[in-house]
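Structural overview for review
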Amino acid sequence: MERVEIFEVGPRDGLQNEPRPIPLEEKLALIDLLSQAGFRRIEVASFVSPKWVPQMADSGEVLAGIRRAAGVRYAALTPNMKGLERAIAARADEVAIFASASEGFSKSNLNCSIEESFERFAPLAEAAKAAGLPVRGYVSCATDCPFDGAIAPAAVAAVAGRLWAMGCYEVSVADTIGRGTAEAVGAMLDAVLGEVPASGLAGHFHDTGGQALQNIGVSLEKGLRVFDAAVGGLGGCPYAPGAAGNVATEAVADYLAAAGYETGLKRDILAQAGQMARAMRGAGE
Ligand code: HMG
Ligand code: MG
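Below you will find a few notes about this structure. (Residues numbered from 1 in each chain as written. Chains lettered and ligands numbered in written order. Predicted model: local features only at pLDDT ≥ 70, side-chain atom pairs only at ≥ 80, totals over all residues. Heavy atoms only, no water.)

1. Let's talk about the packing of aromatic side chains
Here the structure, examined in full by the defined rule, presents one aromatic pair. Lying across the ring of Y138, R12 places its NZ or CZ 5.8 Å from the centre. Over the aromatic face of F7 sits the side chain of R136, whose NZ or CZ is 3.8 Å from the ring centroid. (Phe/Tyr/Trp six-rings, centres within 6.5 Å; stacked < 30°, edge-to-face > 60°. Lys NZ or Arg CZ within 6 Å of the ring centre and 35° of its normal.)

2. What about the coordination of the magnesium ion (ligand 2)?
Protein coordination of the magnesium ion (ligand 2) is provided by D13 (OD), H204 (NE2) and H206 (NE2), with donor distances spanning 2.1 to 2.3 Å. One chain supplies every donor to the magnesium ion (ligand 2), and in sequence these donors are spaced D-x190-H-x1-H. Of this pair, D13 sits in helix α1 (residues 10–14) while H204 is found in strand β10 (residues 201–205), placing the two residues 191 residues apart along the sequence. In this pair, the class of D13 matches that of H204, namely buried. (Donors = N, O, S within 2.8 Å, 3.2 Å for Na, K, Ca; no water. Helix = DSSP H or I, 4+ residues; strand = E, 2+ residues; numbered from the N terminus. Buried < 20%, exposed > 50% of the residue type's maximum accessible area, 1.4 Å probe, protein only.)

3. What to know about the pairing of strand β5 (residues 94–100)
In terms of residue burial, β5 counts as a mostly covered element, since seven of its seven residues are buried. Neither face of β5 is exposed, since E94, A96, F98 and S100 on one face and V95, I97 and A99 on the opposite face are all buried. Here β5 runs beside strand β6 (residues 135–140); their pairing, made up of six bridges, is parallel. Its bridge partner lying in β6, A99 is registered against V139. (Pairing = 2+ DSSP bridges.)

4. Some words on a negative patch on the surface
A surface patch of like charges, here negative, comprises E103, E116, E119 and D148. Summarising the element assignment, D148 is placed in the loop between β7 (144–145) and β8 (149–150). (Patch = residues over 30% accessible without salt bridge, like charges linked within 9 Å, V, L, I, M, F, W, Y side chains within 5 Å. Areas by Shrake-Rupley, 256 points an atom, 1.4 Å probe, with all protein chains shown as cover. Salt bridge = Lys/Arg side-chain N within 4 Å of Asp/Glu carboxyl O. Lys, Arg positive; Asp, Glu negative; His and termini not counted. Charge placed at Lys NZ, Arg CZ, Asp CG, Glu CD.)

5. Some remarks on the pairing of strand β2 (residues 5–8)
The alternating pattern of β2 places E5 and F7 on one face and I6 and E8 on the opposite face, and all of these are buried. Sheet analysis places β2 next to strand β11 (residues 226–229), joined by four bridges and oriented parallel. Note on β11: the bridge partner recorded for E5 is V226.

6. Looking at helix α2 (residues 24–34)
Within the span of α2, buried status applies to K27, L28, L30, I31, D32, L33 and L34. Packing partners of the buried residues in α2 comprise β2, α1, β3 (41–46), α3 (59–65), β4 (73–77) and α11 (267–279). (Contact = heavy atoms within 4.5 Å.)

7. Considerations on the nonpolar core
By size, the foremost hydrophobic cluster in this structure holds 95 residues, and its most contacted members are L63, Y74, V139, V156 and L163. Beyond its immediate sequence surroundings of up to four residues, L63 is in contact with V44, A45, F47, R68, Y74, A90 and A92. (Core = buried A, V, L, I, M, F, W, Y, C linked by side-chain atoms within 4.5 Å.)

Structure below.
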C-alpha cells in the first residue's frame, strides 16, 4: 500500500484558538499520547508573541515537559528571529515559517505585508539552516481570505515558490478558513505545482465548510502525500475570523485507509487522543 503521512498539528493549530487557558499538564498528556500514535512529526509549540496568542505562551515549557518518543520530530512555529531563538533554546526539532497569499491576512496575522514577512523570514531561514534545523513553510489563505476574498492561484504559487526557494523542505498550502471548493483547490494546486514539486508539498485544510476530505481527495490526485490534521478536529486561527477546526486526524486516517493508503497510525490511540482533545475544549465551542 502506498504511504500517506498525516502531520499532526492539534497541539498547536488545535489548541491556539481555545479561549480557556489550558493547563500545561493537559497539553503534555495530549502530546505524550499522540507520541505513541505513530506520527513522525507533531507540531506542539508556537513561539509567537504571547500577547498575540496567550494560549501558546508556555511553548518552551511544553517542549521541556514532553516525553520525546524516538523517531518523532517535535515542530514549532516561528514568525521571526526572536521566535527562532526561543525555539532553539527549547530544542524544537524543526521550525515553521508562515506566510500568507493575501495581504489582508498577512497584516492581520503577522502585522506586516507579505514582502515584509519575507524580509523577516530570510535571516530566520539562514540561521535555522546554520543550526541544523529543518524549516517548513506555510501558505495561508491558499484559496480564500477572510479579508480579501477569493485568492488568485498565481498569488499562492508565488508565495509557495519563494518559501521553497528559501530552503523550506516542505510547503504546506493552507485553506485557512475552510472555504475552498474542489475546483478552487485543484486550480490552486495546478499553479503551485509549477513552483514546488508534489513531493515538497503538504495540504492543510480547515473544515469550516465540510469540504476538507474532498479537498484532500483532489490533492491526492495531484500527487500530494502529506496532510496536516488536528486530532479531535480542534482548531482555528485567532486572526482568521470564521476559521473553524482543522480537519480531524481520525477522519483523515479513515478516509485514507478507505482510499487504500497506509498511514502507519494506531487507530485506538487516535480515538483516545481525539476524546482527550475534545474534552480540553473551552467555553464557546
Ligand atoms: P508585532 O507587534 O508587530 O511585533 O507582532 P514587534 O516585533 O513589533 O514586537 C512587539 C512585542 O512583541 C515586543 O515586546 C517583542 O519583543 C514581542 P515588547 O517590547 O512590547 O514587550 N515579540 C515576541 N515575543 C515573543 N516571541 C516572539 C516575539 N516577536 C515579537 N516571537 C508578530 C509581530 C509576528 C510577533 C505577531 O504578529 C505574532 O506573534 N503573530 C503570530 C500570530 C499567530 O500566531 N497566528 C496563528 C498562527 S498562524 C496559523 O494558525 C495559520 C496556519 O495554521 C496555516 C493556516 O491554517 O493558514 C499555520
Ligand atoms: Mg491552520
